[in-house]
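Single-letter residue listing:
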Amino acid sequence: MAKEVKKVAFLTAGGLAPCLSSSIGFLIDEYTKKAPNVEMIGYVNGYMGLLKGESVPVTAEVRKQALVLTKHGGSPIGNSRVKLTNVKDCVKRGLVKEGEDPLKVAADQLVKDGVDVLHTIGGDDTNTTAADLAAYLKEKNYDLIVVGLPKTVDNDVYPIRQSLGAYTAAEEGAKYFANVVKEGSASPRALTIHEVMGRNCGWLTAFTAIAYRKMLARKIKFVPEFGWTKARADVHAVYVPESKVDFKSEAKRLRKVMDENDCVNIFVSEGACVAQIIAEMKKRGEDVPVDAFGHPRLDKVNVGQWFAKRFGELLGAEKTQVFKSGYFARAAAPCKKDLALIKACCVKAVESALAGVGGVVGKDEDQSSVVRACEFTRIKGGKPFNMRNSRFRKLLREIGQPKARKTRTVKK
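Residues numbered from 1 in each chain as written. Predicted model: local features only at pLDDT ≥ 70, side-chain atom pairs only at ≥ 80, totals over all residues. Heavy atoms only, no water.

Structural notes on the sheet that holds strand β9 (residues 263-269)
Right, on to step 1. If you walk across this open sheet you meet the four strands as β7-β9-β6-β10, and the pairing is parallel. The open sheet has two edge strands with one neighbour each: β7 (237-239) and β10 (319-324). Sheet twist, expressed as the average angle between the axes of neighbouring strands with direction ignored, equals 20 degrees.
Right, on to step 2. One ladder, built from seven bridges, connects strand β6 (residues 190-196) with β9; its direction is parallel. Bridging across to β9, Leu191 finds its partner in Val264.
Right, on to step 3. Strand contacts of helix α10 (residues 247-261): β6, β7 and β9, with the helix running at about 135 degrees to β9, the strand carrying the most contacts.
Right, on to step 4. Running at roughly 155 degrees to β6, helix α13 (residues 303-315) makes contact with β6, β7, β9 and β10 of the sheet. (Pairing = 2+ DSSP bridges. Helix = DSSP H or I, 4+ residues; strand = E, 2+ residues; numbered from the N terminus. Axes fitted to C-alpha atoms, helices over the stretch in contact; angles between N-to-C directions. Contact = heavy atoms within 4.5 Å.)

With respect to empty space enclosed by the protein
Right, on to step 1. Within the structure shown, the criterion is met by one cavity of 30 Å³ or more.
Right, on to step 2. Val181, Lys182, Gly184, Ser185, Trp228, Arg232, Ala233 and Cys263 together form the lining of the largest cavity.
Right, on to step 3. Tallied by class, residues from the lining of the largest cavity come to four nonpolar, two polar and two charged. (1 Å grid on protein atoms, 1.4 Å probe; cavity = no way out; pocket = protein on both sides within 12 Å on 5 of 7 lines; lining within 4 Å. Points joined across faces, edges and corners; volume = space filled by probe spheres on them. Nonpolar A, V, L, I, M, F, W, Y, C, P; charged D, E, K, R; others polar.)

Thoughts on the pattern of salt bridges
Right, on to step 1. According to the stated counting rule, one finds 22 salt bridges in the structure shown.
Right, on to step 2. Between Glu39 and Lys7 there is a salt bridge, and its shortest N-O distance comes to 3.7 Å. Separated by 32 residues along the polypeptide, Glu39 in strand β2 (residues 39-43) and Lys7 in strand β1 (residues 7-12) bring together distant segments of the chain.
Right, on to step 3. Classification of Glu39 by relative accessible area gives partly exposed; the value is 43%.
Right, on to step 4. Using a relative accessible area of 13% as the deciding quantity, one classes Lys7 as buried.
Right, on to step 5. Residues Glu250 and Arg253 are paired through a salt bridge, measuring 2.8 Å at the closest nitrogen-oxygen approach. Of the two residues, Glu250 and Arg253 are both situated in helix α10; the distance of three residues between them amounts to about one turn of the helix.
Right, on to step 6. Residues joined by salt bridges that share partners form a network here, namely Asp364, Asp366, Arg372, Glu375 and Arg378. (Salt bridge = Lys/Arg side-chain N within 4 Å of Asp/Glu carboxyl O. Buried < 20%, exposed > 50% of the residue type's maximum accessible area, 1.4 Å probe, protein only.)

Comments concerning unusual backbone geometry
Right, on to step 1. With omega at -10 degrees, the peptide bond leading from Tyr158 into Pro159 counts as cis.
Right, on to step 2. Among the structural elements, Pro159 can be located in the loop between β5 (145-150) and α7 (166-180).
Right, on to step 3. With phi around 60 degrees, Asn45 is a residue other than glycine that occupies positive phi space.
Right, on to step 4. By the secondary structure assignment, Asn45 is in the loop between β2 and α2 (47-52).

Comments concerning helix α1 (residues 20-34)
Right, on to step 1. A rise of 1.5 Å per residue sets the reference length of α1, with its 15 residues, at 21 Å; its end C-alpha atoms lie 21 Å apart and thus fit the reference within 8%.
Right, on to step 2. Residues of α1 that are buried include every one of Leu20, Ser21, Ser22, Ser23, Ile24, Gly25, Phe26, Leu27, Ile28, Asp29, Glu30 and Tyr31, and no others.
Right, on to step 3. Looking at the packing, one finds that the buried side of α1 touches β1, β2, α3 (60-64), β4 (117-122), β5 and α15 (336-354). (Expected span 1.5 Å × (residues − 1).)

This is the structure in structure tokens:
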């Protein structure tokens with residue numbers, strides 16, 4: 001029999017995604033309906049707030065307005081990037097003292113606060129950290145469970161079929177590019193690079209391009225007799241981390257596009273060709289900084305600028321521009337499709353918590369995509385985009401880009 005749940009805590013961590021505020025809103029609303037006597041708090045700024053013991057209460061007034069949170073982007077309780085097993089980083093940032101174990105500090109704080117259930121809302125790093133915490137709690141016999149929700153616009157978490165907020169990020173990225181693509185008219189032979197978020201996974205880049213071309217086909221009219229043609233506004237190339245880029249062949253193809261349309265528009269993932277770029281940086285003696293999770297700092301690698309310089313020279317561009325839709329897209333309020341998925345996952349998360357079942361709640365791709373609490377031992381990041389996806393292959397055919405060659409094996 002599951003332990004009676006008296007107090008629940010939430011935290012959001014990692015980068016933003018269009019699901020954080022709504023997840024909290026739906027969770028509060030669902031607890032209010034199913035277990036109205038449960039006390040709720042939110043730890044401020046993710047695991048940082050948990051380590052520092054900083055939290056805010058979910059008051060009666062907040063409960064009444066919980067669903068208003070589903071209309072907002074961002075997180076009402078704040079985020080941070082903290083890895084509980086990175087002791088050195090936690091000490092350096094003043095989150096724990098020298099000699100302290102962050103996992104124990106976090107666990108002790110949860111016990112001190114009387115928390116029975118901790119809901120972690122974040123991506124692969126957040127939920128692998130949650131897995132570390134859950135394992136520690138079990139090992140030390142702390143009577144507390146962790147129930148996570150999968151947030152990442154990259155959509156790259158095993159075994160989650162669709163992470164929360166990714167649909168919205170693709171739609172918002174498409175809206176963003178519908179405006180900035182017009183910058184191509186500011187100069188002849190313009191090369192426009194749209195850098196889209198996605199460290200290891202090209203899903204967001206591919207589906208942002210797909211969403212954008214859907215807008216071109218259904219919502220935007222052109223006047224080809226006076227310069228505004230669909231071809232000038234179209235996507236001409238899409239490059240993702242999972243594929244190799246044959247620059248010689250692509251330059252030949254895209255040079256024709258440039259000659260015909262006076263512009264070229266490229267969508268590229270922020271993680272495309274990163275290994276190659278880092279190798280070049282190290283050869284030049286440049287340092288590549290990493291974050292608390294050991295990931296290379298992509299803002300320092302600067303994939304978009306690298307592609308712009310390389311293709312700019314190959315295509316004879318007079319002007320090259322790089323636009324990044326990431327912050328615009330990830331801070332948006334969720335779209336209708338995402339809201340339905342977020343609500344379904346939050347309902348299951350509360351159900352799982354009250355039943356004493358931990359894990360990360362989402363569509364389990366190994367179990368017919370049923371929404372369930374996936375075991376923490378199965379949660380990991382870096383899931384690649386399946387380039388055999390029929391919509392992606394159709395996209396490449398339509399824009400005249402050869403089928404991408406894989407850089408690694410894609411999980412079936």
